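Chain residues, written in single-letter form:
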Amino acid sequence: MSRKRAPLMFCLRSNSVAEKFDYCPDIPLPSLPPGGAVVKVIYAGACYTEEQLRGTSKALTPGIRDNSILTGFEVSGIIHDVCSAETNGNFNVGDRVIIYPEKHHLTQDSYAEYITVKDVNNLIKIPSHIPLEVAAMLPSGGLTAYNAVLRAKPIVEHMLKSQNCCNILIVGAGGLGLWTVRLAKAFIGGDCNKVHITVADTSIDKLEVAQQHGCYDVIHWHDADHEQYLIERTLDVCRGGVDVVIDYVGSPRTTSRTLKVLNRGGVMLVGGNCRYEVSICLNSLSKNQHSIVGLSSGTIEQLRELVEVLSSGQVSPPTYATFPVTQANQVFQDINECKIVGRAVLQVSAIDD
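What counts as what
- Residues numbered from 1 in each chain as written.
- Predicted model: local features only at pLDDT ≥ 70, side-chain atom pairs only at ≥ 80, totals over all residues.
- Heavy atoms only, no water.
- Helix = DSSP H or I, 4+ residues; strand = E, 2+ residues; numbered from the N terminus.
- Buried < 20%, exposed > 50% of the residue type's maximum accessible area, 1.4 Å probe, protein only.
- Contact = heavy atoms within 4.5 Å.
- Pairing = 2+ DSSP bridges.
- Right-handed = clockwise from strand over helix to strand, strands pointing away.
- Polar contact = N/O pair within 3.5 Å; in protein donor to acceptor, adjacent residues only side chain to side chain.
- Core = buried A, V, L, I, M, F, W, Y, C linked by side-chain atoms within 4.5 Å.
- Axes fitted to C-alpha atoms, helices over the stretch in contact; angles between N-to-C directions.
- Parallel < 35°, antiparallel > 145°, perpendicular 65-115°, else oblique.
- Left-handed = near helix turned anticlockwise from the far one by under 90°.
- Nonpolar A, V, L, I, M, F, W, Y, C, P; charged D, E, K, R; others polar.
- Phe/Tyr/Trp six-rings, centres within 6.5 Å; stacked < 30°, edge-to-face > 60°.

What follows is about the overall build of the chain. Secondary structure assignment for the chain yields 11 helices and 16 strands. Expressed as a percentage of its 353 residues, the buried residues of the chain come to 54%. Across the chain, the fraction of contacts at a sequence separation of at least 24, relative to all contacts at a separation of at least 6, is 72%.

Below is the structure:
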């Protein structure tokens, strides 16, 4: 008697940022972990995991430098299998979900058709009116921007008690920057007379998109321009100087520039997507009473809140485009070269009827 063949899936694997994805067919489906679930991946955000960036001390491409590509793990899908009903938190096969990344997700190096979730508490159901391609952008990009805005909100509110207007500068008009504009408009900048949200980027095309997303103004930070001119240009646009900076890049040049335009008592929120080492004069930092705050990707509670925010229509997603996962190499090449505006989302599987 022949033994029944185990179910198989495919994955695309890349060991580092510098390597292309290899198509790997006939991979055994993962087993259901105790207390967990197996999810069929429908969409995945185009981003690098920690494993793929390991050992990379500098940004290799413009796409990483301007936060078109981010670090993280973004997946939306359908529950394929789940542990017993007594312990699964009312999840069922067929539920539409996103995944709050577990430790093993952040170290993987592939886009797989099926993935495991060790703890069902890291699953979040997605309402039927939120497209799965939009949901896939939430666990890293959307969540990081939401966390940044929540960190900035009390700072801005405190500043407005002693001044008429607060200038917020977002560095980078990539996916993270566009998410931040949308969320900051909703949670901080409802009154454009009191809160000015400005976006700086090296790409004119991306700045045009940022304006379409509702920012107050934009600044073209052309790489070829003299540094002093860029500083003066920024101060000219952000009249009165900058009060809060949200910088996901954190390169030596953007850090130095933003500290020079930051007002006394100003705050810089840093995501540090570039992995550069940056030198900062502590004497100047102390003299100007500047604060630098590191940003994390956010908590699962914040991710649940973000799903509710989108579900209610309070915030709409930023510009994005979907591509078949088989085009992953071309997609990453294009966003590495800043040829794709907004977020890129890969369709890994079709939704079964």
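Here we come to the pairing of strand β12 (residues 242-247). Buried residues dominate β12, accounting for six of its six residues. When strand β9 (residues 166-171) meets β12, the two strands line up parallel, connected through four bridges. Considered in β12, the bridge of Leu169 is made with Val245. The pairing of β12 with strand β13 (residues 262-270) spans five bridges and is parallel. By the bridge assignment for β13, Val242 is matched with Leu262. In this view, the connection linking β12 to its parallel neighbour β13 by way of helix α8 (residues 252-261) has right-handed handedness.

A separate point is the side chain of Glu102. Structurally, the position occupied by Glu102 is in the loop between β5 (96-99) and β6 (110-112). Within the structure, the side chain of Glu102 is placed 2.9 Å from the backbone nitrogen of Lys118, a separation counted as a polar contact. Among the polar contacts listed, one links the side chain of Glu102 to the backbone nitrogen of Asp119, at a separation of 3.0 Å. When residues no more than four places from it in sequence are discounted, the contact partners of Glu102 are Thr116, Val117, Lys118, Asp119 and Asn122.

Here we come to the nonpolar core. Counting residues in each nonpolar core, the largest one holds 57 residues, and the members touching the most others are Ile168 and Leu183. When residues of this core are assigned to their parent elements, the largest contribution, nine residues, is made by helix α4 (residues 138-159). Not counting chain neighbours up to four residues away, the residues in contact with Leu183 comprise Gly142, Ala145, Tyr146, Val149, Ile188, Leu306 and Val315.

For α8, the set of buried residues is Thr254, Thr255, Arg257, Thr258, Leu259 and Val261. Those residues of α8 that are buried are in contact with β9, α7 (227-237), β12, β13 and α9 (282-287).

For the rest of this paragraph, the subject is the environment of Val195. Structurally, Val195 can be placed in strand β10 (residues 195-201). Relative accessible area serves as the criterion here: at 4%, Val195 is assigned to the buried category. In this structure, the C-alpha to C-alpha distance between Val195 and Tyr216, residues 21 residues apart in sequence, is 8.7 Å. Excluding its chain neighbours within four sequence positions, the residues that come into contact with Val195 are Val156, Leu160, Cys166, Ile168, Ile188 and Gly189.

Within the secondary structure, Ser76 sits in strand β4 (residues 75-82). Residue classification places Ser76 among the buried positions, given a relative accessible area of 0%. Excluding anything up to four places from it in sequence, Ser76 contacts Lys40, Val41, Ile42, Tyr43, Val97, Ile98, Leu132, Ala135 and Ala136.

Further remarks concern the packing of α7 against α8. Viewed as axis vectors pointing N to C, α7 and α8 meet at an angle of 45°, and their least axial separation amounts to 10 Å. Viewed along their axes, α7 and α8 adopt a mutual orientation that is oblique. Considering only the axes of α7 and α8, their crossing is right-handed. Contacts from Glu227, Leu230, Ile231, Thr234 and Leu235 in α7 reach Arg253, Arg257, Lys260 and Val261 in α8. Looking at the contact of α7 with α8, its residues break down into four nonpolar, one polar and four charged.

Our focus in this paragraph is the packing of aromatic side chains. Taken as a whole and judged by the stated rule, the model has five aromatic pairs. Relative to Phe332, the ring of Phe21 has its centre 5.3 Å away and its plane inclined at 40°; by these criteria the two rings are tilted. Of this pair, Phe21 sits in the loop between β1 (8-13) and β2 (22-28) while Phe332 sits in helix α11 (residues 328-336), and the two are 311 residues apart along the sequence. Phe21 gets classed as buried once you look at its relative accessible area, which sits at 7%.

A word on the sheet that holds β6. Taken in spatial order, the three strands of this open sheet run β2-β1-β6, and their pairing is antiparallel. Bordering the open sheet on either side are β2 and β6, each of which pairs with just one other strand. Shown here is a sheet whose adjacent strand axes are inclined to one another by a mean of 25°, direction ignored.

Phi is positive for Asp26, which is not a glycine, with a value near 55°. Looking at the secondary structure, you find Asp26 in strand β2. When its relative accessible area of 52% is taken as the criterion, Asp26 is described as exposed. Phi is positive for Gln289, which is not a glycine, with a value near 55°. As for its position among the elements, Gln289 is in the loop between α9 and β14 (291-294).

So, about the sheet that holds β13. Strands sit in the order β11-β10-β9-β12-β13-β14 across an open sheet of six strands; the sheet is parallel. Across the chains shown, the open sheet's two edge strands, defined by having one partner strand only, are β11 (217-220) and β14. Strand-to-strand twist in this sheet, taken as the mean axis angle between neighbours without regard to direction, amounts to 20°. Along the sheet face, α8 touches β9, β12 and β13 and points at about 150° away from the line of β13.

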